[in-house]
Amino acid sequence: MSGGGTGDQVDSGNAPGADVVILTALSLESDAVVRQLAGGRDAADANGTRYVVGRIRGGSTTVAVAQLGEGNLAAAALAPAAVDRFHPRALLFTGVAGGLAPDADLGDVVVATRIHAYQPGRSESARFRPRPMGWPVPHRLEQLARQVAQSGEWRGRLTADARPRVLFKPVVSGEAVLDATDSPLAHLLTEHYSGAVAIDMESAGLAEAMHRIGYHDVLMVRGISDRAGGHKRATDASGWQQRAAGNATAFALALAERVGASAVAAQPTAPSAPVRLVAGRWPAGLAAVLIASAALLAASAAREQAPPACNLKVGFFGALTGGDAEPVTPMADGAALALLDHNREHPDCPMTLAEFDTGSESAAEAAARAVRDPSVVAMVGPVFGDDVEVAAPVFEPAGLPMITPWANRFDLGERGWSVFHRGVAHERRQITAATNYLAADLAADRVFVVDDGTEYGLQLAGQVAQLLGARLSGRGRADDESGGPVPLTAAVTRADVAALFYAGAVGEGRRLYADLRRAGWQGAFVGADLLHDPEMFAETGPQAAEGAIALCTCGPPGRAAEGFGAAYRDRFGTAPGPGSDVAYDVTRVLLDGIAAGHRTRAALSGYLDRHRGSGRASGTVFQWQDNGELTPSGAPVWAFVARAGEWVPLAELKP
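What you see is a predicted model; the values in this text were computed from it and never measured. Note that residues are indexed from 1 along each chain, following the sequence as it is written. Under the rules for a predicted model, residues below a pLDDT of 70 receive no local features and side-chain atom pairs below 80 are neither given nor counted, while totals for whole chains, interfaces and linings still include all residues. Computation of side-chain values: all heavy atoms of the structure, hydrogens and water removed.

## A word on the overall build of the protein chain
Threshold: The helix and strand labels rest on DSSP assignments: H or I over at least four residues marks a helix, E over at least two residues marks a strand, and numbering proceeds from the N terminus. Three exposure classes are used, based on accessible area relative to the maximum for each residue type with a 1.4 Å probe and protein chains only: buried under 20%, partly exposed in between, and exposed over 50%. The Shrake-Rupley method, run with a 1.4 Å probe sphere, supplies the accessible areas, and residue values consider only the shown protein chains as cover.
Counting secondary structure elements, the protein chain contains 19 helices and 26 strands. Split into buried and exposed, the 655 residues of the protein chain put 55% on the buried side. Entry remark: accessible area of the protein chain is about 27100 Å², with carbon and sulfur atoms responsible for 52%.

## Notes on helix H3 (residues 139-151)
Condition: Here a helix's expected span is defined as the number of its residues, less one, multiplied by 1.5 Å. Directions are taken from the helix axis to each C-beta atom, and the arc is the one they span.
For H3, spanning 13 residues, the distance from its first C-alpha to its last is 18 Å, which sits close to the expected 18 Å at 1.5 Å a residue. Residues Leu141, Glu142, Leu144, Ala145 and Val148 constitute the buried set of H3. Considered in projection along H3, the buried side chains sweep an arc of 160° and stay on one side of the axis. Just downstream of H3 lies Gly152, where phi reads positive at about 75°.

## Section: the sheet that holds strand S20 (residues 499-503)
Our working rule: A pair of strands is labelled paired if DSSP reports no fewer than 2 bridges between them. Fitted lines through C-alpha atoms give the axes, limited to the stretch in contact for helices. The angle between two N-to-C directions lies from 0 to 180 degrees.
Strands sit in the order S19-S18-S20-S21-S22-S25-S26 across an open sheet of 7 strands; the sheet is mixed. Each edge of the open sheet carries a strand with a single partner, namely strand S19 (472-477) and strand S26 (646-653). For this sheet the average axis-to-axis angle between neighbouring strands, irrespective of direction, equals 25°. Relative to S26, strand S25 (residues 637-643) is paired through 7 bridges, and the arrangement is antiparallel.

## A look at the environment of Gly40
Among the structural elements, Gly40 can be located in strand S2 (residues 37-44). Separated by 24 residues in sequence, Gly40 and Ala64 have C-alpha atoms that sit 9.0 Å apart.

## Side note on unusual backbone geometry
A negative phi angle is the norm for most residues apart from glycine, just as the trans form is the norm for most peptide bonds. Residues Gly381 and Pro382 are joined by a peptide bond in cis, for which omega reads 0°. Although it is not a glycine, Ala443 sits at a positive phi angle of roughly 50°. For Asp496, which is not glycine, the phi torsion reads 55° and is therefore positive. By the secondary structure assignment, Asp496 is in the loop between helix H14 (485-495) and S20. On the basis of relative accessibility, which here comes to 60%, the residue Asp496 falls in the exposed class.

## Some details on the nonpolar core
Note the threshold: The definition of a nonpolar core used throughout is a set of buried Ala, Val, Leu, Ile, Met, Phe, Trp, Tyr and Cys residues joined through side-chain atoms within 4.5 Å. Throughout, a contact is declared for two residues whenever any of their heavy atoms are within 4.5 Å.
Phe316, Leu500, Phe501, Leu512, Phe525, Met536 and Trp647 are the most contacted members of the largest nonpolar core, which has 85 residues in total. At 7 residues, helix H18 (residues 580-595) tops the list of elements feeding residues into this core. When near neighbours in sequence (up to four residues on either side) are disregarded, Met536 contacts Val506, Gly509, Arg510, Tyr513, Leu531, Ala545, Ala548 and Trp647. Counting 76 residues, the second-largest nonpolar core is a separate cluster that includes Val110, Ile115, Val166 and Met220.

## Some points on the packing of aromatic side chains
Quick reminder of the rule: Ring pairs are drawn from Phe, Tyr and Trp, using the six-membered ring of Trp, whenever the two centres fall within 6.5 Å, and their geometry is named by plane angle: stacked under 30 degrees, edge-to-face over 60, tilted for the rest. Only lysine NZ and arginine CZ atoms are considered, and such an atom sits over a ring when it is within 6 Å of the ring centre and within 35 degrees of the ring normal.
If you walk through the whole model with that rule in mind, you get 11 aromatic pairs. Plain terms: the ring middles of Trp638 and Phe640 are 6.5 Å apart, the flat faces sit at 45° to each other, and that makes the pair tilted. For Trp638, a relative accessible area of 13% puts it in the buried group. Members of the aromatic cluster, connected to one another through ring pairs, are Tyr502, Tyr513 and Phe525. Over the face of the ring belonging to Phe86 we find Arg85, whose NZ or CZ atom lies 4.6 Å from the ring centre. Arg243 extends its terminal NZ or CZ atom over the ring of Trp240, reaching a point 4.0 Å from the ring centre.

## Here's the deal with the environment of Arg57
Looking at the element boundaries, Arg57 is found in the loop between strand S3 (50-56) and strand S4 (62-67). Arg57 gets classed as partly exposed once you look at its relative accessible area, which sits at 45%. Sequence spacing of Arg57 and Leu37 is 20 residues, and the spatial spacing of their C-alpha atoms is 5.3 Å. Beyond its immediate sequence surroundings of up to four residues, Arg57 is in contact with Arg35, Gln36, Leu37, Ala38 and Arg157.

## Comments concerning the sheet that holds strand S14 (residues 352-357)
Two modes of strand pairing occur in sheets, parallel and antiparallel, and in both the strands are linked by backbone hydrogen bonds. Overall, parallel pairing links the 5 strands, which are arranged S14-S13-S15-S16-S17 in an open sheet. Both outer strands of the open sheet, S14 and strand S17 (420-422), are each paired with one neighbouring strand and no more. Within this sheet the neighbouring strands show an average axis-to-axis angle of 25°, counted without direction. Where strand S16 (residues 402-404) and S17 come together, 3 bridges link them in parallel fashion. Bridge pairing in S17 places Thr404 opposite Arg422. Each of strand S13 (313-318), strand S15 (376-380) and S16 is contacted by H18, which is oriented at about 160° to S15, the strand it contacts most. The strands touched by helix H19 (residues 601-610) are S15, S16 and S17; relative to S15, the strand with the most contacts, the crossing angle is about 40°.

## Concerning the pairing of S19
So the rule is basically this: Seen with its strands pointing away from the viewer, a crossover is right-handed when the path leading from the first strand over the helix to the second is clockwise.
Of the strand pairs in this sheet, strand S18 (residues 447-451) and S19 are connected by 5 bridges, and their pairing is parallel. Pairing of Phe448 across the sheet is with Gly474, part of S19. Crossover S18 to S19 through helix H13 (residues 455-468) is right-handed.

## Here's the deal with the pattern of salt bridges
Where charged atoms of side chains with opposite charge meet at close range, the side chains can pair. Keep this limit in mind: A pair is scored as a salt bridge if a Lys or Arg side-chain nitrogen falls within 4 Å of a carboxyl oxygen belonging to Asp or Glu.
For the structure shown, the criterion picks out 26 salt bridges. Note that Asp105 is salt-bridged to Arg227, the shortest N-O span being 3.8 Å. You can see Asp105 sitting in the loop between strand S5 (90-99) and strand S6 (109-117) and its partner Arg227 sitting in the loop between strand S12 (218-226) and helix H6 (232-237), a full 122 residues away along the chain. For Asp105, a relative accessible area of 34% corresponds to the partly exposed category. The shortest N-O distance in the salt bridge between Glu202 and Arg222 comes to 2.9 Å. Separated by 20 residues along the polypeptide, Glu202 in the loop between strand S11 (198-200) and helix H5 (203-213) and Arg222 in strand S12 bring together distant segments of the chain. Take Arg222: its relative accessible area is 2%, and that puts it in the buried class.

This is a description of form; function is not addressed.
This is the structure in structure tokens:
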């Protein structure tokens, strides 16, 4: 790193602090920052990492910049000392990255909205099975970054010929330099991280390290220097690393100025003692107080503002981008179709569907954003049970009614949330239905029960096994670290069972079913709801899944109204996916309530308490009990069979 300090003004403890720390991996990246600083002096932290500390030219914000070297390990090991040394208001990591998306041009700036580590996983003989890790970015910094992008103020630091865009998208991070579109890594990223627009080698390590020490004001700003497609040497030789680093620096420094300005605006009248972190955690009770206070303030603000008569919003809460987007997309499309139909019927008073994407922000951030907007009067979702657990306590004090079209964890209905409603049967109905189906419909006198080792699989398999009683002939695990699927396959065939019940993720279930069929076992393979997924037909092909049976706390899409299936295909070019019909129906329930004059959160909650009616698409009778559960007559459980690459409705089961 060059161009900033005098060389003899080294200070390991007495130099002034910095408003913002900017870290880089390469010298050309740190040099791009240092050239924009005035009055630079040298400093060091406890690890011996050297910094140039100076004021941004033309501004008032003090920045400390250091080059850590390449890789997530270096970032994770060295960055915490920067926080301890300077106590910055924000920490930015800036530099170059490889572009992954076709619309990400060379020189474009990427502000990471989420960071995915692509390397965690399990390596098997035939494939690598990812176990993704991810980190959201702080809402405050992202909002400041969006202000910078919208204002255009940062472009004053660009070279005359530079015209980069700013992309707010997820990034992936690992230890590899990607320079091919047909490599195993490229295929992995395309399959599992299709929402990411850039790849780097430091963001994941930095995000995890900051998470561990409890420091959250971190943002990654990258410039696209190559397309990660086989031409890196050529683009590097053409000077794109320098140009991309310069663009990212221009944006990062403008953001740093915003951070400094926002800190001055929020300066308290008297200094307060800093909160000390112990083992990376907040002091006992503080987190709960902060969350409760934020929720109550947001609720109060939302209630004090009366929403307008029209142009109200119904939210959709789920992972619309990232690795969890595939099962959510059909439900989001169902909700969008419901809105389209409603607005066609009510052109004089249109509604809006507001998206709360947990693929690009945390559930807590999305929930807080929802309750702050008084025009959001109801929520479809959250889709996943873990997100319900985070969001419902935020919705509750704000009185924001919610209907989840998918989450079936039984305990969610036992939390006492008045805003909670579920559009599907809970998992205990599935357990009873599965047991009855195995024992009565299939008349299986000997059943083998398998889980995948997850908490979901263990609990579901354990309860089915208990209810089977004397019919249970064996237990096993599909994800057996000691032996894999081969010993399990042998155990099932030796047990000579008529049926197998599987509780777990679709990937393990798909491989287990294929292995059993190859071994000659011809019994009935019945899987719980996670098996009911188009992924069942991936990799091994539709023929390998033929005949498998999956249960679902849902019904066949469009069974109550053929018009829904046709309209869905016309709109989205594909058949309705799992949960799309329920999402359509619960969205219509909420929109119909608004059209009937229930235009506030409180009024809609009362409307849901009294509602009884059949869904247009699913046929489900939507009538809720006091705990937000559907009445027993309105909560279907269906069995589907795999035929020619599709899940075909087989029968509605009686719990």
